[in-house]
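# Understanding the architecture of this molecule
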Amino acid sequence: MSEPHVTLDPSGLDPVQEKLRGPLEDQLTSALQAAADRVRAGYAGEPVEEVCRRLLDETRSGLHPDIGAGFQPDMDEFCRVAVAIVRGEVG
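Residues numbered from 1 in each chain as written. Predicted model: local features only at pLDDT ≥ 70, side-chain atom pairs only at ≥ 80, totals over all residues. Heavy atoms only, no water.

## A look at the state of the cysteines
Counting across every chain of the model gives one disulfide. There is a disulfide in this structure between Cys52 and Cys79, and the S-S distance comes to 2.3 Å. The S-S bond linking Cys52 to Cys79 shows a torsion near -90 degrees; that makes this disulfide left-handed. Of the two residues, Cys52 sits in helix α3 (residues 48-61) while Cys79 sits in helix α5 (residues 75-87), which places them 27 residues apart along the sequence. For Cys79, a relative accessible area of 27% puts it in the partly exposed group. (Disulfide = S-S within 2.5 Å. Helix = DSSP H or I, 4+ residues; strand = E, 2+ residues; numbered from the N terminus. Buried < 20%, exposed > 50% of the residue type's maximum accessible area, 1.4 Å probe, protein only.)

Below is the structure:
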């Protein structure tokens, strides 16, 4: 799996969010990639569900609190990253 990346759905954005979409995607992607690295480094055989929860928690903790609180990722996609971590495909 290549490095995880966040892409925002433009249909769900208001005009201000749309204007900030590129920098926001960059910030979210950076936080997700850093979280994936930390979770992968600390992975000790936990089930995918636990890895997915840790990945989300770590990603949110790497964001400004307001952005982290509003970050509602597609959990199916997030869990795909967790599966890749469990399989050793990320890193």
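## Quick notes on the nonpolar core
Counting 20 residues, the largest nonpolar core has Val6, Leu28, Leu55, Phe71, Phe78 and Ile85 as the members making the most contacts within it. Breaking this core down by element, the ones donating at least two residues are α2 (21-41), α3 and α5. (Core = buried A, V, L, I, M, F, W, Y, C linked by side-chain atoms within 4.5 Å.)

## Looking at α5
The terminal C-alpha atoms of α5, which comprises 13 residues, lie 18 Å apart, in line with the 18 Å expected from a rise of 1.5 Å per residue. In the core, the buried residues of α5 are packed alongside α2 and α3. Capping the start of α5, Asp74 holds a side-chain oxygen 2.9 Å from the backbone nitrogen of Asp76, two or three residues further along. Within two residues after α5, Gly88 carries a phi angle of roughly 80 degrees, on the positive side. (Expected span 1.5 Å × (residues − 1). Contact = heavy atoms within 4.5 Å. Polar contact = N/O pair within 3.5 Å; in protein donor to acceptor, adjacent residues only side chain to side chain.)

## A look at the packing of α3 against α5
Closest axis-to-axis distance for the α3/α5 pair is 8 Å, and the angle between their directions is 115 degrees. With respect to α5, the element α3 is oriented roughly perpendicular. Classified by chirality, the crossing of α5 by α3 is right-handed. Counted together, Val48, Val51, Cys52, Leu55, Leu56 and Thr59 of α3 and Met75, Phe78, Cys79, Val81, Ala82, Val83, Ile85 and Val86 of α5 form the full contact between these two elements. Here the contact of α3 with α5 is built from residues that sort into 13 nonpolar, one polar and no charged. (Axes fitted to C-alpha atoms, helices over the stretch in contact; angles between N-to-C directions. Parallel < 35°, antiparallel > 145°, perpendicular 65-115°, else oblique. Left-handed = near helix turned anticlockwise from the far one by under 90°. Nonpolar A, V, L, I, M, F, W, Y, C, P; charged D, E, K, R; others polar.)

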